[in-house]
Amino acid sequence: MRRQRHLEGVLGTALELQIVADTEAQLGAAEAALLAEVDRLEGVFSRYLPGSELNRWQARRGLPTTVSADFAALLSRAEHFMTLTGGAFHPAADTLARLWQRGRPDAGTLQGVLEQMKEPLWTLEGGPTGARQVTLHTALSLNFNALAKGFITDAAAQAALKVPGVRQVMLNIGGDVRHLGQGEVSVGLEAPGQWADNWPPVGFVTLSNQAVTTSGQMHRGAHLLDPRTGQPTSAERTVSVIAPSGAESDALSTALCVLEVSECLALVGGLEGVGVRIGEGRLLATTTFWQQHEGHTKATDT
């Protein structure tokens with residue numbers, strides 16, 4: 001049996017799910033588990049819920065704070081992607097975005113923020129699992145949305161698959177798509193610069209226990225900022241990344257929006273199980289791994 005749902009207003013975006021199970025009761029239990037996990041992790045990572053763990057942590061700058069395993073895992077992953085991308089992924093890019101929202105910042109102010117971004121943002125202490133202590137050092141505004149949505153998509157899909165009798169889960173939260181279980185799904189990709197919901201995808205990729213995320217100006221409605229320079233980058237670029245997890249595809253698709261194309265291909269070429277499609281104006285660049293997953297079957301658009 002198969003269940004499909006489309007829900008609006010989940011994490012501030014749309015959620016689409018597809019679950020395959022043996023009985024209607026199992027489908028209902030899997031959907032309930034999936035949505036409960038989304039709600040639970042929103043309470044951990046949300047910037048918009050005043051009582052979220054993220055906001056409570058940011059209010060305790062300079063004080064060692066015991067955090068949940070989920071929050072510690074997010075911070076650990078953020079550190080990893082900051083290092084891996086040479087700062088092209090950076091949670092404090094939120095401070096840069098706020099500056100530019102008020103108009104072009106003066107050179108002195110911008111340089112001051114960039115210098116602060118080079119300093120340690122937090123110190124994470126403790127073992128690899130369970131509750132850990134974190135001390136926040138920076139006064140900069142932090143935003144983990146480019147990682148947290150993929151993290152939540154992973155966890156929610158896993159919660160559904162754990163329900164006995166569930167054989168396949170496909171979850172799409174605002175363009176972060178995760179497949180788990182048996183078989184495969186074909187996912188359509190939005191065209192760069194196309195805004196209408198009924199416009200056809202530019203292509204399809206086939207996923208099997210993988211994730212794909214598309215990032216670019218069309219998903220933000222504003223200029224993309226390079227965290228390394230504080231300057232706007234190309235408004236035309238759209239990047240889609242296939243990876244083993246939604247957290248990885250989410251973070252990498254964001255970082256690859258600001259790196260040079262040659263840097264993107266070099267970075268992805270060194271990562272196992274990762275492929276990329278970069279569209280910018282007339283330029284289209286893909287890796288071999290991406291090409292191996294391209295398809296033509298009509299499916300859910302990202």
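Residues numbered from 1 in each chain as written. Predicted model: local features only at pLDDT ≥ 70, side-chain atom pairs only at ≥ 80, totals over all residues. Heavy atoms only, no water.

A. Molecular detail of the environment of Thr23. With respect to the secondary-structure elements, Thr23 resides in the loop between strand E2 (13-21) and helix H1 (24-45). Look at Thr23 and you get partly exposed, because its relative accessible area is 33%. At 3.1 Å, the side chain of Thr23 and the backbone nitrogen of Gln26 are in polar contact. (Helix = DSSP H or I, 4+ residues; strand = E, 2+ residues; numbered from the N terminus. Buried < 20%, exposed > 50% of the residue type's maximum accessible area, 1.4 Å probe, protein only. Polar contact = N/O pair within 3.5 Å; in protein donor to acceptor, adjacent residues only side chain to side chain.)

B. Representation of the packing of aromatic side chains in the model. Throughout the structure, instances matching the rule amount to 5 aromatic pairs. The interplanar angle of 70° and the centroid separation of 5.2 Å between the aromatic rings of Trp57 and Phe71 together place this pair among those described as edge-to-face. With Trp57 in helix H2 (residues 53-58) and Phe71 in helix H3 (residues 69-84), the pair connects residues that are 14 residues apart, well separated along the chain. Since its relative accessible area comes to 0%, Phe71 is described here as buried. When the ring of Phe81 is compared with that of Phe89, the centres are 6.2 Å apart and the planes differ by 65°; the resulting orientation is edge-to-face. An aromatic cluster is built from Trp57, Phe71, Trp122 and Phe144, whose rings are joined through pairwise contacts. Sitting above the plane of the Tyr48 ring, Arg47 keeps its charged end 5.6 Å from the centroid. (Phe/Tyr/Trp six-rings, centres within 6.5 Å; stacked < 30°, edge-to-face > 60°. Lys NZ or Arg CZ within 6 Å of the ring centre and 35° of its normal.)

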